[in-house]
Amino acid sequence: ALGLRTLTLQTGDEYRDRLKLQESDLAVLIGSKAIYELHQSGKQVDKDEKEIEQAELGSESLESLQEESDELHWQGVLPEEELTTVLTKEKDRKLLYAPVLACTIDHIMAATETKRGGRYILPCLRLMSSDLVIDEIDDFTGDDLIAIGRLIHLAGMLGRKVMISSATIPPDLALGLYNAYRQGWAIFAASRDRVPSINCVHVDEFNTDAGLVGSGDSDLAQYQILQQQFISKRIAELKKQIAKRKAEIIPCLKQPDQPVEKQFFEYVKQAISVKHQQHFTVDPQSQIQVSFGVVRVANIQPCVQLTQYLLGCEWPEDTEIRCMAYHSQQVLLLRHEQEKHLDQVLKRKEKEGESPVAFSHAVIRGHLDNCKTKNLIFILVATPVEEVGRDHDFDWAVIEPSSFRSIIQMAGRVRRHRDGEIAEPNIALLQFNFKGFKGKDEQVFNRPGYETDRTTQLKTHDLKVLVDEKLLLQSVNAIARIQKRSNPDHQNNLADLEHYATSKTLGVDEINKPLATSVAR
């Protein structure tokens, strides 16, 4: 189960490719037929695929147990005369019988969060016979995480295994969801006369640790010991890695006599110029200095405004730019073409000294041949849609901060395919985000972000105070996300705020406390 439709489709492709799964092994379910067909057209597959049948009109009992707009692709063989009285639609039976199902998480969430009678039946049946994998678990916050906790609790009650995955799982998130699972598993074990202990496995690219957590008052403490041992090993390995990404904070001082938007956009422009000069590649044919960079903006409206500003403002005489806005509300067909182009251009798996593949791409080659200056900067101005699920490799990034998690995720798109240590920082963090720079809102690290109410409000929005710039100048990694500090201060530290908000959402401090009793009259 995944949070994004495009990521679900990519996951289906990866499973078929890497696990050698056949079309009859894997079903892919997303909520949009248009997005599925665009994805398939991008792969140049045969378009004569069978259409999903239209919903029949009739009584409630004849309605599909899924939304009619859902697109499910599976080419397996359905068994005959099984559950046909309950699952009257072929699409419903496909969802249940496919050996492996990759879907957007809302299709499985209906097992516990249904709003309409009967819609919980199919995901519950699927969950009874399937282990559950939730990818990019820390994409979810607030009420979504609570709902996922209920789903994991149900999986435990049904005796299924659960895996959560992300590069930046906070310890309280793992603990809170483990607690939900252990309570579900306790019900399963009691009803089936099974052993109540739980096998826990922690996996990363360096280690695999497995341990048995018993039942009783000490089981949470046992789990936390296993988790901390794993985290300590991971941190030790992360510290050994070559620093491919380093970050500096760009000062953003507000001048009282100039428009706020123009000042902020000008700071972004200056950061782009500096990063280009530090991290360009020379085109062998034209000797032009070229770089591919991304500007991460928190919201769609500033994303469009910044793109227009960068295209319309004056650049040095020896510099030209090419700029594209990339956000979730883009026209679907255009966004598909954008993503197809970006996926081709931003594959940077060349070895040291080799020219990027992009230099031979027809569109990029055309820009290079028509460029009359010494420098050519390709700029993608993107909202958080770029943070997760895009396999892109940029030379540099300029980031408007929303959370420490978003900084880490966005940093993962810088030098993603290439190795080797860098000398100069290739990530520029703006001292304030757009809302913080304007100074009109009390809470600015929200939508997206964790500063959602009075209890999670920061005392300052100055990134120079909220993060440790010295550590970021050495290397940008996930250590602050996967381990809590010994003396946290969630009002003055961005990473501490996220740990506090996650703990508060999942009720980690309340685990194992006796429930308060009340007398009802």
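Residues numbered from 1 in each chain as written. Predicted model: local features only at pLDDT ≥ 70, side-chain atom pairs only at ≥ 80, totals over all residues. Heavy atoms only, no water.

Before going further, it helps to examine the overall build of the protein. Looking only at helices and strands, the protein has 18 helices and 14 strands in total. Every one of the 521 residues in the protein was classed for burial, and the buried ones make up 50%. The contacts in the protein between residues at least 6 apart in sequence include a share of 73% that link residues at least 24 apart. Total accessible area on the protein stands at roughly 26100 Å², and carbon and sulfur atoms take up 51% of it. (Helix = DSSP H or I, 4+ residues; strand = E, 2+ residues; numbered from the N terminus. Buried < 20%, exposed > 50% of the residue type's maximum accessible area, 1.4 Å probe, protein only. Contact = heavy atoms within 4.5 Å. Areas by Shrake-Rupley, 256 points an atom, 1.4 Å probe, with all protein chains shown as cover.)

Once their charged atoms are close, side chains differing in charge can pair, the charge on each being opposite to the other. A complete count under the given rule lists 37 salt bridges for this structure. Among the salt bridges present, the one from Arg-16 reaches Glu-23, with a minimum N-O distance of 3.7 Å. Under the relative-accessibility criterion, Arg-16 is labelled buried at 16%. Across the pair Asp-209 and Lys-233 runs a salt bridge whose closest N-O atoms are separated by 3.3 Å. You can see Asp-209 sitting in strand 7 (residues 208–213) and its partner Lys-233 sitting in helix 8 (residues 219–240), a full 24 residues away along the chain. The buried category is assigned to Asp-209, whose relative accessible area is 16%. (Salt bridge = Lys/Arg side-chain N within 4 Å of Asp/Glu carboxyl O.)

A separate point is the side chain of Arg-182. Secondary-structure assignment places Arg-182 in helix 7 (residues 171–192). Within the local environment of Arg-182, its side chain forms a polar contact with the side chain of Asn-179, the two groups lying 2.5 Å apart. (Polar contact = N/O pair within 3.5 Å; in protein donor to acceptor, adjacent residues only side chain to side chain.)

Our next topic: helix 5 (residues 121–128). Leu-122, Pro-123, Cys-124, Arg-126 and Leu-127 are the residues of helix 5 that are buried. Buried residues belonging to helix 5 abut helix 3 (90–97), strand 3 (100–103), helix 4 (106–113), strand 4 (132–135) and helix 6 (143–157).

Across the junction of Arg-447 and Pro-448, the peptide omega takes the value 0 degrees, indicating a cis bond. Structurally, the position occupied by Pro-448 is in the loop between helix 14 (434–438) and helix 15 (463–466). For Asp-193, which is not glycine, the phi dihedral falls at a positive 55 degrees. Inspection of the secondary structure puts Asp-193 in the loop between helix 7 and strand 6 (198–203). Of note in this structure, Arg-447 is not a glycine but carries a positive phi near 50 degrees.

Turning our eyes to something else, we now look at the confidence of the model for the protein. Caution is warranted with low-pLDDT regions, since their predicted coordinates should not be read in detail. Here the protein averages 87 in pLDDT, and 87% of its residues register 70 or above. For the stretch residues 44–63, pLDDT sits under 50, and the model shows 26 contacts to residues farther than four places along the chain or on other chains. Here residues 517–521 scores under 50 on pLDDT; set against residues more than four positions off or in separate chains, the count is zero contacts. (pLDDT = per-residue confidence, 0-100.)

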